[in-house]
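Here's the letter readout for the chains.
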Amino acid sequence: MFSIDGKTFKNKENKSEGNMEFLKKIEEKWQKAWEKAKIFEADPNPKKQKFFVTFPYPYMNGPLHVGHAFTASRIDVYARFKRMQGYNVLFPWAWHWTGQPLMGASERVAKGDEEFIRILKEVDGVPENELKKFVDPIYMATYYTNESRTAVKKLGLSIDWRREFNTIMPTYQKFIKWQYENLKEKGYVIRGTHPVIWCPHCKSPTGDHDRQEGVGVTPEEYTLIKFKLDEETYLPAATFRPETIYGVTNIWINPDATYVKALINGEKWIISEKAAEKLKEQLRKVDIKRKFKGRELIGKTFENPVTKERMPILPGWFVDPEQATGVVYSVPAHAPYDWLALKDLQEKPEILQEFGLNPKILEKIKPISIIKVEGFGEYPAIEITRKMGVRDQHDPKAEEATKIIYKKEFHGGILKENCMEYAGKKVRDVKEQLIEDFKKRGIADSMYDLPQPVICRCLTPCIVKILEDQWFLKYSDPKWKEKVKEAIKKMRIYPETATQWFLTVVDWLKDWACARRTGLGTQVPWSKGWIIETLSDSTIYMAFYTINKHIKKYKIKPEMLTKEVFNYIFYGKGKINEISSKSGIEKHILEEMHNEFLYWYPVDLRVSAKELVPNHLTFFLFHHTALFPPKHWPKAIGVNGMLMIEGKQMHKSKGNFVTLKNAVETYGADATRCTLLLGAEGMDDSDWRSGNVRDMQNKLQTLYNFAKKIIEEKGENERGHLEKWLISILQRRIKEVTENLEKMKTRTALETALFEVWNDIRWYIRRKEKTTKTLKETLKMWLKLLTPFIPHICEELWSELKGEGFISIAEWPKINEKLIDLETEEKENIIKGLIEDTANIIKVMKKPPKKIFYYTAAEWKWKVYLKTLRRIKDGEINIKKIIEELARDNEIKEKIKDAAKLISKITRESSKISEKRKENILKIGKINEKEIIEDAKKFLEKKFHAEIEVYSEEDEKRYDPKLKAVQAMPCKPAIYIE
RNA sequence: GCGGGGGUUGCCGAGUCUGGUCAAAGGCGCAGGCUUCAGGAGCCUGUCCCGUAGGGGUUCGUGGGUUCAAAUCCCACCCCCCGCACCA
């Protein structure tokens, strides 16, 4: 009896550690062997087709984690798969050091940030003596890079390390300079201004991750309507709804807030004190002339610039002087707050008297309806406050009411007759045009402000600042967008559903500020004090991999890497002799580099997690289309989900951060890879559960033992039905795995290669009860299918199988269609079906069987069966017609009544048979069922612990006390159990 | 709000494009048996409900619809995840 025991590597004290040690040993062994044999070092080979895969270099302000490993494993699987298919595969690696976080992290260490240091020690596992040196960001980056390199190697990735670099190496910086000079020349980099959230203390933009409070807040642009107070003084009221200017009745000023009269770019404005401060940061010259309380303004009048009417200024305490200009105009018909404030004043006339005003002025103020919107009448603001029962301007429900009205009127509102040239238009359609028009007419301006407070990590409240002299990548350029879309259409994207996302991102992308003031990185070549921002210096660096090998090998100095040199290498531009003598790089080296670039480019596949779709991956496409001809545009992008830890998002601070190093050391490379890959494919998020990894470890150990057992058995030289079956099934598996891998469906591919094939082999062994040469051959194929996923164990088993060379570079199994044997498979299906039916009956009998009798269908039933199936397949189920045809056969004519019954039964049950199988059965024709059941008799007897007898339904001598034999159908023998 | 992806049997997760083969792959978990000195190991069997004969019943976010037939197609609704910019 063939059985597989799991005792080969047991360890008395602790079994799982015993496994681990063994697996680790073979992992180390093979990693060393690969390195020594340099099998992953790829050089141009004109005889072989190339394949260039890349992973977005990871940022080195911390250790790599299992999330990186997830994406990297997918790439590695693909790289290994392609390599086995005979491609010359290049999989390089590098490290991202550019940007602020590395500096920031280093600063926090220098400042002695306890929480931060605790995380470095506990999560990242940084030893005390190293930690001290982290005050130098470069040291920190070096430390993490070294740690990560070790971890990556331990994961067994098939990388060509000769091309490694980090992004602050002077040679790389020369490359980036070349890139940006080029982009600028082509007009893709432009100068501009941009509002950012700014910390006045740190003197730098405050990104989301730099914030103590206000994560996700972005600057909002208010339109300022410049109401005239007198001939030369303006009262700029801030609004998001400038279209409501036609419905203004008054202005609100907070009587208790401080306002100023100031010269703003030479114009006299009255705004809140805060607003004046803010405008200073928004490219305005601000000269404050006088400060005063808002109450001074109450009762004065102003002129509406579109209607030229004069209206009063009234007191409104809901006006927040911190928001925008602190001046608000009132549209009581459409703004709940305005209506409520007005009502408050009406109800308490004494308030106005306090300001020395006659309450009668309120009588003149009538709401002006200007927007028609479904579901509301003339005055939506009034209606909704009544409906919602909003008490006054201090009621929190006022906020909600405002939101509802705003949304309703924006999406469905139509401007009424009194809106002059905008009458009859939809609010949403006209808004932008209207703002532009008003600005042109000089009656509107704008300013930025924050909808909610943002506090920097240094605890300083942030403001909106407009940066001057910023450099932008002109992603808004429609022509550029078109080119990128063209690239997307030409390339393959895995999964396909991500394509739409890319296309919308391209449309949505605006100009991107590509330079920063602080952080590590490359100087903007034409502007001192600016550094190319991280997402902008990582777009075409894959080209740098192709030549960094030479830069290192020939010790090429950064100053030798001139613009002309890069132009020659990447574009073939210029006269090589001249470039060589000018740069000092020998001619043959220049040629070599040029050729190496031409050999490897374009990138054949780049894979990352989906979070990079709206930024890095799309930038990668933008820059390639800008700088390279279409033949060098990327060929494919793979996108995968994010990695969750025990069902939750991974966070250092949440204590569920799993470093790559830790995972590999605890569970081993193969188990780590498989667990990650089995977790998800497509854009689904994968979930890392320690329970799963442990199971996987066991599974792989079992796999090893299972295979080892097969290798050790001598193996009979037989080639019968079961061998044909195994080989046939294997062809299908090869096909499935190959096809899924091609589509980056790594999960399905692994699932099939590992579990489905395993089950097939188990079935074979169970049926066969001994090992054979065929089984050993199958094992070889199986190991090859598994190698991309489980390279170390496969390599070990391969060597034990005395396989030639490394399995990592062995030939990928090819499907041999001729070995797919439908009849054999169908026969085995009959056995499987028979077992299922038998087991079902036994289950219902509720007692163990003693004897089982099978009756195979009579000859004439087969004729009826095949004929009927044919007709069903062809789509004409006319029973009468079938009977007529069959009646020509004398044998059937005798049993025409039974035949008719059979036909209707077949018709009924045929829906349970797949089209594919119907086709197969028709192709095969009559199967000798008796023979195959007899063949499987021993196996079946053992399975059911019962004696078995097989008869044909027509057998005169059959034992059939319950007359079950008549039930026999082709492919479904009748059963009787005692 | 906008955009992208999803909701399947105890769990993870196929199946949905191309309707019938779907009570629905595979894995995990759980239960029973075997093996073992022992085992969080391995092997076998079972795992929606009912059934002393291979059968029947109820399921695939919710509610409708199309069809001889729907997890799969159409419509409406509910829920979850991700991204939204100067930041890697």
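What comes next concerns the included structure.

Basis of the calculations
- Residues numbered from 1 in each chain as written.
- Chains lettered and ligands numbered in written order.
- Predicted model: local features only at pLDDT ≥ 70, side-chain atom pairs only at ≥ 80, totals over all residues.
- Heavy atoms only, no water.
- Helix = DSSP H or I, 4+ residues; strand = E, 2+ residues; numbered from the N terminus.
- Rg over C-alpha atoms; globule rule 2.2 N^0.38 Å.
- Buried < 20%, exposed > 50% of the residue type's maximum accessible area, 1.4 Å probe, protein only.
- Contact = heavy atoms within 4.5 Å.
- Areas by Shrake-Rupley, 256 points an atom, 1.4 Å probe, with all protein chains shown as cover.
- 1 Å grid on protein atoms, 1.4 Å probe; cavity = no way out; pocket = protein on both sides within 12 Å on 5 of 7 lines; lining within 4 Å.
- Points joined across faces, edges and corners; volume = space filled by probe spheres on them.
- Nonpolar A, V, L, I, M, F, W, Y, C, P; charged D, E, K, R; others polar.
- Pairing = 2+ DSSP bridges.
- Near = heavy atom within 4 Å.
- Polar contact = N/O pair within 3.5 Å; in protein donor to acceptor, adjacent residues only side chain to side chain.
- Phe/Tyr/Trp six-rings, centres within 6.5 Å; stacked < 30°, edge-to-face > 60°.
- Axes fitted to C-alpha atoms, helices over the stretch in contact; angles between N-to-C directions.
- Parallel < 35°, antiparallel > 145°, perpendicular 65-115°, else oblique.
- Left-handed = near helix turned anticlockwise from the far one by under 90°.

### Focus: the overall build of chain A
Across its full length, chain A holds 36 helices and 31 strands. Its C-alpha atoms give chain A a radius of gyration of 39 Å, more than 25% over the compact-globule value 30 Å for 978 residues. Principal axes of the C-alpha set define a box for chain A whose edges measure 120 × 80 × 60 Å. Out of the 978 residues in chain A, the part that is buried amounts to 54%. For chain A, long-range pairs separated by at least 24 residues make up 77% of all intrachain contacts whose partners lie at least 6 apart in sequence. Split by element, the accessible area of chain A, about 44300 Å² in all, is 50% carbon and sulfur.

### Remarks on empty space enclosed by the protein
Within this structure, the stated rule accounts for one cavity of 30 Å³ or more. Taken as a whole, the largest cavity spans an internal volume of roughly 70 Å³. Together, K24, E27, E28, Q31, K154, V664 and E665 line the largest cavity. Of all the elements in the fold, those that place two or more residues in the lining of the largest cavity are α1 (15-37) and α22 (660-667). Class assignment of the residues belonging to the lining of the largest cavity gives a composition of one nonpolar, one polar and five charged.

### Considerations on the sheet that holds strand β26 (residues 643-645)
As summarised here, the arrangement of the three strands in space is β27-β26-β28, forming an open sheet in which the pairing is mixed. Strand pairing shows two members of the sheet lacking a second neighbour, β27 (648-649) and β28 (686-688), which therefore form its edges. Strand direction decides the pairing type here: β26 and β27, joined by two bridges, are antiparallel. Across the sheet, residue M644 finds its bridge partner in β27, namely Q649.

### Comments concerning the layout of surface pockets
Within this model, the second largest pocket holds a volume of roughly 1600 Å³. Along its surface, the second largest pocket is lined by 39 residues, and Y222, T239, F240, R241 and Y406 are the ones closest to its centre. Those elements that place two or more of their residues in the lining of the second largest pocket are β6 (220-228), β7 (233-239), β14 (327-330), α9 (336-347), α13 (397-412), α14 (427-440) and β17 (444-449). By residue number, the principal contributor to the lining of the second largest pocket is α14, which donates five residues. The residue makeup of the lining of the second largest pocket, split by class, is 19 nonpolar, nine polar and eleven charged.

### Points about the protein's contact with RNA strand B
Around RNA strand B lies a shell of 62 residues, among which H194, W512, A513, K699 and S914 are the nearest. Between RNA strand B and T504, the relevant distance is 3.4 Å, taken from a sugar or linking oxygen to a side-chain nitrogen or oxygen of the residue. At 3.5 Å, a side-chain N or O of K843 approaches a base oxygen of RNA strand B. Where the surface near RNA strand B is concerned, the elements lending two or more residues are α3 (100-111), α16 (498-508), β21 (512-513), α21 (613-627), α24 (690-712), α26 (746-768), α29 (822-845) and β31 (974-977). With seven residues, the single largest contributor to the surface near RNA strand B is α26. Looking at the surface near RNA strand B residue by residue, the classes come out as 21 nonpolar, 19 polar and 22 charged.

### Some thoughts on the pairing of β6
Note: β6 against β17, six bridges, orientation antiparallel. When the sheet's bridge partners are listed, E221 is paired in β17 with Y448. Sheet topology note: the β6/β7 ladder contains six bridges and is antiparallel. Each residue of the ladder has a partner; that of K228, found in β7, is Y234.

### Here's the deal with the side chain of E164
Tracing the chain through its elements places E164 in the loop between α6 (137-154) and α7 (170-185). For E164, a relative accessible area of 12% gives the class buried. Within polar-contact distance, the side chain of E164 engages the side chain of R149 at 2.6 Å. Among residues more than four places away in sequence, those in contact with E164 are W93, W95, T145, R149, N548 and K552.

### Some words on unusual backbone geometry
Omega for the bond connecting Y494 with P495 falls within 30 degrees of zero, at -10 degrees, which places this linkage in the cis form. Residue L283 is not a glycine yet carries a positive backbone phi of 60 degrees. Examined against the element boundaries, L283 turns out to sit in the loop between α8 (273-280) and β11 (286-293). Non-glycine residue L963 carries a positive phi angle of around 50 degrees.

### Quick notes on the packing of aromatic side chains
One pair of aromatic rings is described through two measures. These are the centre distance and the angle between the planes. This structure, assessed with the given rule, holds 65 aromatic pairs. Their ring planes at 85 degrees and their centres at 6.2 Å tell us that W30 and F806 sit as a pair that is edge-to-face. Separated by 776 residues along the polypeptide, W30 in helix α1 and F806 in the loop between α28 (791-800) and α29 bring together distant segments of the chain. By the burial criterion, W30 is buried, and F806 matches it.

### What to know about the sheet that holds strand β20 (residues 492-494)
The five strands lie next to each other as β2-β1-β24-β25-β20, forming an open sheet whose pairing is parallel. Looking along the sheet, the strands with just one partner apiece sit at the ends: β2 (88-90) and β20. Going across the sheet, the axis of each strand differs from the next one's by a mean of 20 degrees, ignoring polarity. Where β20 lies against strand β25 (residues 636-640), three bridges are found, and the strand directions are parallel.

### Looking at the packing of helix α23 (residues 669-679) against α24
It is the contact of α23 with α24, at a shortest axis distance of 9 Å, that shows an interaxial angle of 120 degrees. The pairing of α23 with α24 is recorded here as oblique in orientation. Considering the relative orientation of α23 and α24, their crossing is right-handed. Only N692, V693, M696, Q697 and L700 of α24 make contact with α23, whose side of the interface consists of D670, A671, C674, T675 and L678. Taken together, the residues of the contact of α23 with α24 break down into six nonpolar, three polar and one charged.

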